[in-house]
Amino acid sequence: MLHKASSQSRLSPNSNEEDIQQVLAPRLAQFAAVARHEHVTRAAHELGVPQSTLSRAMARLEQDLDVTLFARKGRTVSLTPAGRTFLTTVERALTEVEKAAESVRADADPTSGKIAFGFLHTMGSETVPALIRAFRADHPHIRFQLVQNYGEAMLERLRAGDLDLCLTSPVPDAPDLVARRLDEQRLRLVVPDDHRLATRKRVRLAEAADDTFVTLEPGYGLRRITDDLCAQAGFRPRVAFEGEEAETLRGLVAAGLGVALLPPPAVARPGVVELTVTAPRAAREIGVAWLDGHPDTPPVAAFKRFLLSRRGRLLPEAAPEPAAPGPATGPAPEPATGPTAAPAASATD
């Protein structure tokens, strides 16, 4: 039987939410069991606790709420109107807790769990789909939550616990993160097909010092790399347009609005010519990062091992460079002579 509530102090109506949760949360399942059985002894047997312990817990629950939840009838109990109202919400809360527990267990399942994986926009069209396809050959039921973003935003989400792993560039160097270099991607100087350098295959970046650049916005890793490479080449780029996606920048270049330093495209785009940069060496490192000390679920651990096994072969083959513009038919033109002749490209161009 339930003991009557004692005269011990109750929760103040002004108690903060954390206090109420700490007091009530452990007793919700006990309350639901007593309400379901309408009998303390049977509820105690189901819960595996002494009847006296459960009886005192329910009396204290009523005391803390300052509400009578049960009507006593000999050895049985029944819910009061307030008790029925409370039970409706308690059952809903317990159902949500059970769903949450099932969800996290499912996410951690070694064969069908979930991986929250972040990656750069420039890796979304080919690199990441190819990686996931290869990984799922051995793990066909693993699920992915995919997040595309720029590097700094992904690292913030990694720290917040929203991501398990992310592919990013530059490879971060931070005390709270673990990062491993996986591959290197050469960058190209992308110019319009009617640009003065468009007939070349190789250029020094300094040769574009007088051009207008289109770049990603500040905060993007590729923007930082672009600024650094231009500084190494002895100039600061004049930026006319800033965007969030590499293929949009290629479109701006094709429209004659500037030049850009970009990774190779998945598919060759008309209207632009992509030139190898010989000096300074134009490349970006791609790496995987995760939060230091954060325990991995079995699916995350398996995918991490897979990514690390792809060192040096993470990236797919680049699309072939478009041919430099020129006559579509007919014999090759004779080399130019005279004072207006353009100099031949040297081995360092």
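K.L.:
What is the right way to look at unusual backbone geometry in this model?
P.N.:
Of note, the amide linkage connecting Ser 169 to Pro 170 takes the cis form, showing an omega dihedral of -5°. The step from Ala 279 to Pro 280 runs through a cis peptide bond, and the omega angle for that step is -10°. Mapping Pro 280 onto the fold places it in the loop between β12 (272-279) and β13 (283-291). For Glu 38, which is not a glycine, the phi torsion comes out positive at approximately 55°.

K.L.:
Hey, could you run me through the pairing of β13 in this one?
P.N.:
Looking down a regular strand, the side chains alternate between one sheet face and the other. In terms of burial, β13 is a largely internal element, seven of the nine residues being buried. Bridge count between strand β5 (residues 165-168) and β13: three bridges; the pairing is antiparallel. Paired with Cys 166 across the bridge in β13 is Ala 289. Here strand β6 (residues 177-186) pairs with β13 via nine bridges, running antiparallel. Opposite Arg 181, over in β13, you have Gly 287 as the bridge partner.

K.L.:
Sorry, what's going on with the confidence of the model for the protein here?
P.N.:
Detailed reading of the predicted model is not advised wherever pLDDT is low. Per-chain confidence: the protein averages 86 in pLDDT, with 85% of residues scoring 70 or above. Across the protein, element-level confidence peaks in strand β7 (residues 188-192) with a mean pLDDT of 98 and bottoms out in helix α1 (residues 17-24) with 66. Segment residues 1-10: pLDDT under 50, and 24 contacts once partners within four positions in sequence are set aside and those in other chains are kept. Note on residues 321-349: pLDDT under 50 across the span, and 26 contacts to partners over four residues away in sequence or across chains.

K.L.:
I'm lost on the sheet that holds β6 in this one. Help?
P.N.:
Each strand in a sheet pairs with another by means of backbone hydrogen bonds, the pair being arranged parallel or else antiparallel. With respect to topology, five strands assemble into an open sheet ordered β4-β3-β5-β13-β6, the strand pairing being mixed. The open sheet terminates on both sides in strands that have one partner only, identified here as β4 (143-148) and β6. The mean inter-strand angle of the sheet, taken between neighbouring strand axes irrespective of direction, is 20°. Summarising the sheet, strand β3 (residues 114-119) and β4 pair through six bridges and their orientation is parallel. Bridge pairing in β4 links Phe 117 to Leu 146.

K.L.:
Is there a simple way to explain the packing of helix α6 (residues 127-136) against helix α10 (residues 298-308) in this structure?
P.N.:
Angle between the axes and distance between the axes are the two parameters that describe a pair of packed helices. Remark: α6 packs on α10, axes separated minimally by 11 Å, with the N-to-C direction vectors making an angle of 115°. Viewed along their axes, α6 and α10 form a crossing whose handedness is right-handed. Contacts between α6 and α10 involve Leu 131, Ala 134 and Phe 135 on the former and, on the latter, Pro 299, Ala 302, Phe 303, Phe 306 and Leu 307. For the contact of α6 with α10, the per-class residue count stands at eight nonpolar, no polar and no charged.

K.L.:
Sorry, what's going on with the packing of aromatic side chains here?
P.N.:
Working definition: an aromatic ring pair is given by the centre-to-centre distance plus the angle between the planes. Summed over the entire model, instances satisfying the criterion amount to eleven aromatic pairs. Their ring planes at 45° and their centres at 6.0 Å tell us that Phe 117 and Phe 119 sit as a pair that is tilted. For the pair Phe 135 and Phe 303, a centre-to-centre distance of 4.9 Å together with 70° between the ring planes defines the contact as edge-to-face. Taken together, the residues Phe 135 in helix α6 and Phe 303 in helix α10 connect sequence positions 168 residues apart. Pair check on accessibility: Phe 135 and Phe 303 agree, each one buried. Taken together, the aromatic side chains of Phe 117, Phe 119, Phe 135, Phe 144, Phe 303 and Phe 306 make up a single cluster linked through ring pairs.

Calculation rules
- Residues numbered from 1 in each chain as written.
- Predicted model: local features only at pLDDT ≥ 70, side-chain atom pairs only at ≥ 80, totals over all residues.
- Heavy atoms only, no water.
- Helix = DSSP H or I, 4+ residues; strand = E, 2+ residues; numbered from the N terminus.
- Buried < 20%, exposed > 50% of the residue type's maximum accessible area, 1.4 Å probe, protein only.
- Pairing = 2+ DSSP bridges.
- pLDDT = per-residue confidence, 0-100.
- Contact = heavy atoms within 4.5 Å.
- Axes fitted to C-alpha atoms, helices over the stretch in contact; angles between N-to-C directions.
- Left-handed = near helix turned anticlockwise from the far one by under 90°.
- Nonpolar A, V, L, I, M, F, W, Y, C, P; charged D, E, K, R; others polar.
- Phe/Tyr/Trp six-rings, centres within 6.5 Å; stacked < 30°, edge-to-face > 60°.

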